[in-house]
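# Descriptive structure summary
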Amino acid sequence: MGSNPIGAAIGMEGLLATTDIIKMAKKAGRNTLNEVESKQLLKQAGINTTEIKLATGKDEAIAAAKKLGFPAVLKIVSPDILHKSDIGGVKLNLNSEDEVGRAYDEIMATAKKHAPKAKVEGVSVQPMARPATEVIIGMNKDQQFGPVLMFGLGGILVEVLKDVSFRIVPLAKRDAREMIREIKAYPVLEGYRGQEPADVETLENLLLKVSDFVEKHPDIKEMDLNPIFAYRDGATAVDARIILES
Ligand code: ADP
Ligand code: MG
């Protein structure tokens with residue numbers, strides 16, 4: 001396992017500026033910011049994410065889980081593995097030090113088996129977030145229009161039904177309002193059949209914050225907040241990935 005100066009610096013200080021994180025990744029020849037770095041950047045942009053720590057060994061992972069509190073979540077951190085759960089790289093609902101230790105071993109074993117060539121930087125440790133309606137916000141750059149934001153509900157609705165909306169950055173308040181309301185699944189956010197309604201105003205502000213963030217950092221090429229847990233009061237990004245321009 002290689003050392004990761006960026007992750008280590010974040011773990012220790014928690015204070016690296018956004019531009020520093022981007023610069024350091026580029027200097028290390030990487031275009032992908034891992035989940036820990038991505039969440040750090042989002043936090044600085046005022047976007048709510050789960051607390052997160054990078055652990056480069058089993059003991060570190062256990063110590064981090066103790067500090068953050070149980071139940072914990074462990075995830076593989078590798079610039080070569082984009083879809084962590086596809087290879088068994090996400091372990092949810094870990095309730096004790098033992099379970100965290102075992103999850104760590106399982107993640108390392110599954111990575112070795114399913115992605116033998118991947119460079120593994122460690123695991124991310126985070127608290128288990130209360131389940132909620134899952135939404136996603138994405139950013140991609142269009143050749144003609146530049147950065148474009150996407151909004152949709154997580155999982156099958158996006159993947160199979162392509163029930164998503166798009167707007168060009170920078171977003172106006174009205175764009176954010178419309179983007180959320182024009183997806184077909186909008187009634188789900190209003191609390192369909194007893195489901196917890198989402199805090200739509202928070203989601204609107206989230207879109208505006210992402211738009212600002214993207215505008216301020218033209219060296220960000222792609223961004224994926226998938227999923228964001230949308231609650232009655234607030235929202236939290238539980239997974240994040242940022243890709244830089246090369
Ligand atoms: P990937 O998209 O790379 O497979 P994710 O980080 O999105 O991995 O994790 C997969 C799923 O696990 C998420 O869609 C979410 O439902 C759940 N999950 C991830 N992190 C947390 C967390 N901190 N708390 C609760 N559930 C989580
Ligand atoms: Mg994800």
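Here, every reference points to the structure presented above.
All of the points below concern the structure found in this document. (Residues numbered from 1 in each chain as written. Chains lettered and ligands numbered in written order. Predicted model: local features only at pLDDT ≥ 70, side-chain atom pairs only at ≥ 80, totals over all residues. Heavy atoms only, no water.)

## Quick look at the coordination of the magnesium ion (ligand 2)
Coordination of the magnesium ion (ligand 2) by the protein is provided by N226 (O) and D239 (OD), with metal-donor distances spanning 2.2 Å. Taken as a pair, N226 in strand β9 (residues 220–230) and D239 in the loop between β10 (235–237) and β11 (240–244) lie far apart in primary sequence, 13 residues in all. With relative accessibility at 18%, the residue D239 sits in the buried group. (Donors = N, O, S within 2.8 Å, 3.2 Å for Na, K, Ca; no water. Helix = DSSP H or I, 4+ residues; strand = E, 2+ residues; numbered from the N terminus. Buried < 20%, exposed > 50% of the residue type's maximum accessible area, 1.4 Å probe, protein only.)

## Description of the side chain of D239
Among the polar contacts made by the side chain of D239, one reaches the side chain of K84 at a distance of 2.8 Å. Not counting residues up to four positions away in its chain, the partners in contact with D239 are E35, K39, K75, K84, D224, L225, N226 and P227. (Polar contact = N/O pair within 3.5 Å; in protein donor to acceptor, adjacent residues only side chain to side chain. Contact = heavy atoms within 4.5 Å.)

## Comments concerning the site of ligand 1
Around ligand 1 lies a shell of 19 residues, among which K75, K84, S85, A129 and E134 are the nearest. Interatomic distance of 2.7 Å between a side-chain N/O atom of K75 and an oxygen atom of ligand 1. Within the backbone of K84, an N or O atom sits 2.8 Å from an oxygen atom of ligand 1. Expressed as a share of its isolated accessible area of 540 Å², the protein-covered part of ligand 1 is 85%. According to the grid-proximity analysis, the pocket containing ligand 1 is the largest pocket. At the level of secondary structure, the elements contributing two or more residues to the shell around ligand 1 comprise β3 (72–77), β4 (90–94), β5 (122–127) and β9. Take the shell around ligand 1: its biggest share by element is three residues, from β9. Tallied by class, the residues present in the shell around ligand 1 amount to 10 nonpolar, five polar and four charged. Residues lining the shell around ligand 1 come from more than one domain, with at least three contributed by each of domain 1 (5–127) and domain 2 (133–244). (Near = heavy atom within 4 Å. Areas by Shrake-Rupley, 256 points an atom, 1.4 Å probe, with all protein chains shown as cover. 1 Å grid on protein atoms, 1.4 Å probe; cavity = no way out; pocket = protein on both sides within 12 Å on 5 of 7 lines; lining within 4 Å. Sits in = over half its atoms within 2 Å of the grid points. Nonpolar A, V, L, I, M, F, W, Y, C, P; charged D, E, K, R; others polar. Domains from an automatic or database assignment.)

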